[in-house]
Amino acid sequence: MTASKSFIIGTRGSPLALWQANEVAARLRRALGLADEDVKLDIIRTSGDMSQASGQALVGGKGAFTKEIDEAMLEGRIHLAVHSAKDMPTAFPEGIDIIGYLPREDVRDCLISARYSRIEDLPHNAHVGTASLRRSALIKRIRPDIRTSVLRGNVDTRLRKSAEGEVDATLLALAGLKRLGLADKAAAILSIEQFPPAVGQGAVSITARTGDARAARAVAAIACVDTGSALAAERAFLKRLDGSCRTPIAGHATIQNGTVSFSGMYLSEDGQQVFTASGAGPV
């Protein structure tokens, strides 16, 4: 392995994070004709992972899931990092940029429940577990009687807690279930109109040091241009509203025939106040 060919990819260690990082690695190997040993993963435990494991409240917002990986990047220990786009903070540390996205998966959310197949079927005062303020507000918008509480952990943990009856239901991104081969666990797939997604949902982002031309050339070979354009619109919306994981915001952009179409939503935490915006224009 020579320094001019090799890439070290930083990633979190959850099953979904590893799927994403391995997918990026596999695409780089195919696109650039690299051997397996030319693209390696460096699994990095983040502050967000430690908060989840301890059951404590998340400190540091979305940046808690990228902080230690960003530090490894700036110190030169990794060349690339792979993240779920919806976990990315609106502002990056100086010296790090998003340089591409994989083609986007399904952006929809789904209902997870051992007993109920629709939100409308949940009993009065049903208990729904979710760590997302957006999902909590959206489900209360549909069913104001529903009680929500924080349900943390990776996908497997939340599926298990739902199956064991710790909550009547939970809500997860369909993209993550598909990537893990768990799409059959969805009791119902929720429409984008009823349940608009988080900014970046379904997209896998790749970051590198600012000005790293070698990394930029490599990722350009596998990056999806349309996904990048859609995410630029969504992230601009989030930044304009100073959004974070503590804010119930949804946003979704699509690209068709050179036109970007965007719709966004801002909710009160109880889901009873809803503000929307939409627009379209040339990419």
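Quantities reported herein were computed from a predicted structural model and do not represent experimental measurements.

What counts as what
Throughout this description, residue numbers start from 1 for each chain and increase along the sequence as written. In view of the model being predicted, local features appear only for residues whose pLDDT reaches at least 70, and side-chain atom pairs are presented and counted only at 80 or more, with totals across whole chains, interfaces and linings using the full set of residues. Processing note: side-chain calculations cover all non-hydrogen atoms of the structure and skip hydrogens and water entirely. Secondary structure is summarised from DSSP: a helix means a run of H or I of at least four residues, a strand means a run of E of at least two, and numbering begins at the N terminus for each. Radius of gyration means the value over C-alpha atoms here, while the globule rule gives 2.2 Å times the residue count to the 0.38 power. Note on exposure labels: buried denotes an accessible area under 20% of the residue type's maximum, exposed denotes more than 50%, and partly exposed covers the range between, all computed with a 1.4 Å probe on protein chains only. Under the convention used here, a 1.4 Å probe and the Shrake-Rupley method define accessible areas, while residue burial counts only the protein chains that appear. Residues counted as positive are Lys and Arg, residues counted as negative are Asp and Glu, and His and the chain ends are not counted. All charge positions are set by atom: Lys at NZ, Arg at CZ, Asp at CG, Glu at CD. For two strands to pair, DSSP has to find at least two bridges joining them. To get an axis, a line is fitted to the C-alpha atoms, and for a helix only the part in contact is used. The angle between two axes follows their N-to-C directions and goes from 0 to 180 degrees. In this analysis, two residues are considered to be in contact whenever any of their non-hydrogen atoms come within 4.5 Å of each other.

Attention shifts here to the overall build of the protein chain. Broken down by element type, the protein chain carries eight helices and 13 strands. In terms of C-alpha radius of gyration, the protein chain reaches 19 Å, essentially the compact-globule figure of 19 Å for 283 residues. Looking at the 283 residues of the protein chain, the share that counts as buried comes to 50%. Counting every atom, the protein chain has about 12800 Å² of accessible surface; 50% of that belongs to carbon and sulfur. Positive and negative side-chain charges in the protein chain, numbering 35 and 31 respectively, have mean positions lying 0 Å apart.

This part takes up unusual backbone geometry. A positive phi angle is found at Asn 125, which is not glycine, with a value near 60°. Residue Asn 257 is not a glycine yet carries a positive backbone phi of 50°. Positionally, Asn 257 belongs in the loop between strand S11 (249-256) and strand S12 (259-267).

The strand order across the open sheet formed by five strands is S2-S1-S3-S10-S4, and the pairing between neighbours is mixed. Only two strands of the sheet have a single partner each, and these edge strands are strand S2 (39-43) and strand S4 (96-101). Going from strand to strand, the sheet's axes swing by 35° on average, the running direction of each strand aside. Here S4 pairs with strand S10 (residues 204-209) via five bridges, running antiparallel. Bridging from a neighbouring strand, Tyr 101 pairs with Ser 205 of S10. Across the sheet, helix H3 (residues 67-74) touches strand S1 (7-11), strand S3 (80-84), S4 and S10, and the angle it forms with S3 is around 160°.

Residues Asp 109 and Leu 111 line one face of strand S5 (residues 109-112) and the alternating positions Cys 110 and Ile 112 line the opposite face, and both faces are buried. Two strands pair when backbone bridges link them, and S5 and strand S8 (residues 169-173) are joined in this way by four bridges, in the antiparallel orientation. Across the sheet, residue Asp 109 finds its bridge partner in S8, namely Ala 173. Inspection of the sheet shows S5 paired to strand S9 (residues 188-189) by two bridges, in the antiparallel sense. Looking across to S9, one finds that Leu 111 is bridged to Ala 188.

Okay, the pairing of S3 next. Of all five residues in S3, five are buried; the element is thus mostly enclosed. Neither face of S3 is left uncovered, since the one carrying Leu 80, Val 82 and Ser 84 and the one carrying Ala 81 and His 83 both have all their residues buried. By the bridge criterion, two bridges tie S1 to S3 in an arrangement that is parallel. In the sheet register, Gly 10 faces S3, and the bridge partner there is Ala 81. Examined bridge by bridge, S3 and S10 share four bridges and lie antiparallel to one another. Bridge assignment links Ser 84 to a residue of S10, and that residue is Val 204.

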